[in-house]
Amino acid sequence: MNMPGEERLTLLRCAGCGALHVHPKVLCPKCGHEVLLEHSASGLGNIYTFTTIWVAPEAFKKQVPYEIALVQLEEGIKVTARINKKPEETMQIGKPVKFLRKNNLGYWFEL
Ligand SMILES: [Zn+2]
């Protein structure tokens with residue numbers, strides 16, 4: 001699947017406590033600081049847990065089955081993502097994944 005989107009994984013780093021966040025926030029939920037700075041992530045991580053979607057919402061019905069994973073990023077935080085994999089590849093907890101893109105459907109990683 002080739003879709004446009006951001007090809008660099010950017011996180012937000014709190015200027016107050018240094019905590020990293022995946023999604024935009026008005027303030028840091030850990031310390032309340034209001035300055036969050038862009039932080040380039042490595043784009044590397046591994047599968048923390050995953051599931052295979054067989055019954056999808058209407059918009060994704062043609063894509064089943066597909067995998068959704070909670071990816072543990074190298075930076076120590078987790079992000080929910082779609083996983084691109086070849087049919088012969090298997091999902092496994094702990095398996096390394098690499099960031100592909102972020103688009104209006106969310107984050108995409110590949111095995
Ligand atoms: Zn903070």
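Trainee: Teacher, can you tell me more about the sheet that holds strand 1 (residues 10-14) here?
Mentor: Sheet strands pair via backbone hydrogen bonds, and the direction of the pair is either parallel or antiparallel. Reading across the sheet, the 3 strands line up as 2-1-3 and stay open at both edges, with antiparallel pairing between neighbours. Looking at which strands have only one partner, the edges of the open sheet turn out to be strand 2 (20-21) and strand 3 (36-40). Relative to strand 3, strand 1 runs antiparallel, the two being bridged by 5 bridges. Opposite C14, over in strand 3, you have L36 as the bridge partner.

Trainee: Before we go on, may I ask you to explain the environment of Y107 in this structure?
Mentor: Tracing the backbone through its elements, the reader meets Y107 in strand 8 (residues 106-110). Overall, Y107 belongs to the buried group, with 20 C-beta atoms counted inside 10 Å. Each C-alpha atom, one on Y107 and one on L12, is 15 Å from the other, the two residues being 95 residues apart in sequence. Y107 has contacts with V79, T80, A81 and K102, leaving out every residue within four places of it along the chain.

Trainee: Would you mind going over the pairing of strand 1 with me for this structure?
Mentor: If a strand is regular, its side chains alternate between the two faces of the sheet. Pairing analysis gives 2 bridges linking strand 1 to strand 2, with the strands arranged antiparallel. When the sheet's bridge partners are listed, R13 is paired in strand 2 with L20. Taking the residues that link successive antiparallel strands as the turn, the strand 1-strand 2 hairpin has 5 residues, and the phi of G18 there is positive, at about 85°.

Trainee: Please explain the nonpolar core as it appears in this structure.
Mentor: As a rule of thumb, nonpolar side chains are buried together in soluble globular proteins. Core analysis: the largest hydrophobic core is formed by 14 residues, its most contacted members being A69, V71, V79, A81, I83, V97 and F109. Listed by contribution, the elements that provide at least two residues to this core are strand 5 (66-73), strand 6 (78-84), strand 7 (96-103) and strand 8.

Trainee: Teacher, can you tell me more about the sheet that holds strand 4 (residues 44-53) here?
Mentor: Overall, mixed pairing links the 5 strands, which are arranged 4-5-6-8-7 in a closed barrel. Strand-to-strand twist of the sheet, defined as the mean angle between neighbouring strand axes without regard to direction, takes the value 45°. Pairing analysis gives 5 bridges linking strand 7 to strand 8, with the strands arranged antiparallel. Directly across from K102, in strand 8, lies its bridge partner Y107.

Conventions and cut-offs
- Residues numbered from 1 in each chain as written.
- Predicted model: local features only at pLDDT ≥ 70, side-chain atom pairs only at ≥ 80, totals over all residues.
- Pairing = 2+ DSSP bridges.
- Helix = DSSP H or I, 4+ residues; strand = E, 2+ residues; numbered from the N terminus.
- Buried ≥ 20, exposed ≤ 12 C-beta atoms within 10 Å, placed from the backbone.
- Contact = placed C-beta atoms within 7 Å.
- Core = buried A, V, L, I, M, F, W, Y, C linked by C-beta atoms within 7 Å.
- Axes fitted to C-alpha atoms, helices over the stretch in contact; angles between N-to-C directions.

Everything listed here is a matter of geometry and, on its own, says nothing about what the molecule does.
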